[in-house]
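# Commentary on secondary and tertiary structure
As a plain string of letters, each chain reads:
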Amino acid sequence: MKIAMWSGPRNLSTAMMYSFGARPDFAVWDEPFYAPYLARTGADHPMRDAILAAHETDPARVAARCAGPIPDNKPHFYMKHMPHHMDGMPLDWVSDCVNIHLIRHPARVVASYGAKRDSVTDDDIGFAAQTALFDRIGGIIIDSADIRADPESMLRKLCDAIGMDFDPAMLSWPAGGHPDDGAWAPHWYGAVHASTGFAAAEQALPDLTGEAAALAARAMSHYDRLFSCRLK
């Protein structure tokens, strides 16, 4: 099985990659279209030069690997992707994947992303791109808050939904990062590197003001639409 997990930033996506990567039957790949996205758009992201130097920037070659054999002689392949990286990128390979869409409340995304960058745009958090991709390819939707509230129950439900046995190894991983982390990990993955499992259930929504509140409000219609279709 090949799983394409589609998520915006600051959305439990790295923890989910670690969860599937903790299974002995899974290879994982961390945001393979990030370097092509940076090369195509010229976006000034943290660690841009290091990312472009360390990763393949040709989207056709990345897509060919997505469509090709599963690496490391593993039965299954988990690919962590971001929908807003995919404008103009090849997507023919997704038809051979189980597509899962991971969502998180916009207020939490904006607050978390804003702590890592000086400015945040609608495109940065990717809610419109995620709904557009879901409309195009379909798939299963799962909310990060449901996973954090009860990791084992939700992961069991997700595995059932995709026709895969649950493995208790998915509930924990070694601290310190994963060998397949992207070059951007030092900037973004501090909290998950310090973790050995999923964080506790989230508390009250952050209190946003000004442009941050407006940004989250603009994303809500996209989130609400996907939330209504989520795996429960």
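Look a little higher up for the structure.
What comes next concerns the included structure. (Residues numbered from 1 in each chain as written. Predicted model: local features only at pLDDT ≥ 70, side-chain atom pairs only at ≥ 80, totals over all residues. Heavy atoms only, no water.)

### Here's the deal with the sheet that holds strand S3 (residues 76-81)
The strands that make up a sheet pair up through hydrogen bonds in the backbone, lying either parallel or antiparallel. As summarised here, the arrangement of the five strands in space is S2-S3-S1-S4-S5, forming an open sheet in which the pairing is parallel. Two strands bound the open sheet, and with one partner strand each, they are strand S2 (26-30) and strand S5 (140-143). On average, each strand axis in the sheet is inclined to that of its neighbour by 20°, with strand direction left out of account. In this structure, S2 lies alongside S3, joined through five bridges in parallel fashion. By the bridge assignment, Val 28 is partnered in S3 with Tyr 78. (Pairing = 2+ DSSP bridges. Helix = DSSP H or I, 4+ residues; strand = E, 2+ residues; numbered from the N terminus. Axes fitted to C-alpha atoms, helices over the stretch in contact; angles between N-to-C directions.)

### Thoughts on unusual backbone geometry
Here the phi dihedral of Leu 12 falls at roughly 70°; this positive angle occurs in a residue that is not glycine. Among the structural elements, Leu 12 can be located in the loop between strand S1 (2-7) and helix H1 (13-21). Positive phi, close to 65°, is recorded for Met 47, a residue that is not glycine. With respect to the helices, strands and loops of the structure, Met 47 is situated in the loop between helix H2 (34-41) and helix H3 (48-54).

### Focus: the pairing of strand S4 (residues 98-103)
The side chains of a regular strand alternate between both faces of the sheet. When you tally the buried positions in S4, you get five out of six residues, the bulk of the element. Here five bridges tie S1 to S4, and the two strands are oriented parallel to one another. The residue of S4 that forms the bridge with Ile 3 is Val 98. Relative to S5, S4 runs parallel, the two sharing four bridges. For Ile 103, the partnering residue across the bridge sits in S5 and is Asp 143. (Buried < 20%, exposed > 50% of the residue type's maximum accessible area, 1.4 Å probe, protein only.)

Everything listed is a geometric property; what it means functionally is a separate question.
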